[in-house]
Amino acid sequence: EAWVNLDTTINKQIDGWTIASWTDDVDNDNMKTDLLLFRVNKDRSVVLGRDINSWASIYTDPAVVPVNEWVHIAVTVQPGSAVFYINGIAVTTNVYGSIGGNIEGIDHITIGVISRLAGLYHNPEDVQLFDHFRGSIDEFRLWDVVRSPSDIISNKDKELDCITDNLTVYYKFN
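Not measured: the values here are computed from a predicted model.

K.L.:
Explain the pattern of salt bridges to me, please; I cannot follow it from the model alone.
P.N.:
When the charged atoms of two side chains with opposite charge come close together, those side chains can pair. Under the counting rule described, the total for this entry stands at four salt bridges. Lys156 is paired through a salt bridge with Asp157; the nearest N and O atoms lie 3.2 Å apart. One salt bridge connects Lys172 with Glu159, and the closest N-O pair in it is separated by 3.6 Å. Of this pair, Lys172 sits in the segment after strand E13 (167–171) while Glu159 is found in the loop between helix H2 (149–155) and E13, placing the two residues 13 residues apart along the sequence.

Next up, the structure:
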């Protein structure tokens, strides 16, 4: 989950805004990674995508994320279901493929940019299309449990204690 403020005045030619990406090096000998990507697309839909052997994603309808204002975005994923929350309210979720189970370990995490370790770039010019987040990110949190709707809504506006059960990654960006 994260607070984001999308800036559309910087560059209207972008492909989207990457909130975070994380990888797990599942096969170092063959340079194979398990990539998970949390981003807002150009149509202002939110997507959580995963690439192990093929791309799969869960995503919202377009235009759910406002621009040039702060918005809280969260997603919960468990086998057979996923739910996106915008400012604590569940929104329509669409599924393409299977996101699968948990990433066994996080070897690399990047905030506001797609990890170059994911091997997505073949041309340095591609980086400018959807690499760096244009806007602001605050309070990025990654949990190792599925948060309940009441947990999401009751904690979205609070700074948390860094020693909070099941909170595995927490960046306040103060």
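That shown, we press on.
K.L.:
Help me understand unusual backbone geometry in this model?
P.N.:
Glycine aside, residues mostly have negative phi angles, and peptide bonds mostly take the trans form. The phi angle at Asn68 is positive, at roughly 60°, despite the residue not being glycine. Along the chain, the position of Asn68 falls in the loop between strand E5 (55–59) and strand E6 (70–78). Taking relative accessible area as the criterion, Asn68 reaches 42% and is therefore assigned partly exposed. One non-glycine residue with positive phi stands out, namely Asn166, at about 70°. As for its placement among the helices and strands, Asn166 is situated in the loop between H2 and E13. A relative accessible area of 35% means that Asn166 is categorised as partly exposed.

K.L.:
What should I look at first to understand the environment of Cys162 in this one?
P.N.:
With respect to the element layout, Cys162 can be found in the loop between H2 and E13. Given the relative accessible area of 51%, Cys162 is considered exposed. In this view, Cys162 contacts Tyr170 and Lys172; residues no more than four positions away in its chain are not counted.

Calculation notes
Residues numbered from 1 in each chain as written. Predicted model: local features only at pLDDT ≥ 70, side-chain atom pairs only at ≥ 80, totals over all residues. Heavy atoms only, no water. Salt bridge = Lys/Arg side-chain N within 4 Å of Asp/Glu carboxyl O. Helix = DSSP H or I, 4+ residues; strand = E, 2+ residues; numbered from the N terminus. Buried < 20%, exposed > 50% of the residue type's maximum accessible area, 1.4 Å probe, protein only. Contact = heavy atoms within 4.5 Å.

All we've got here are geometric facts, nothing functional implied.
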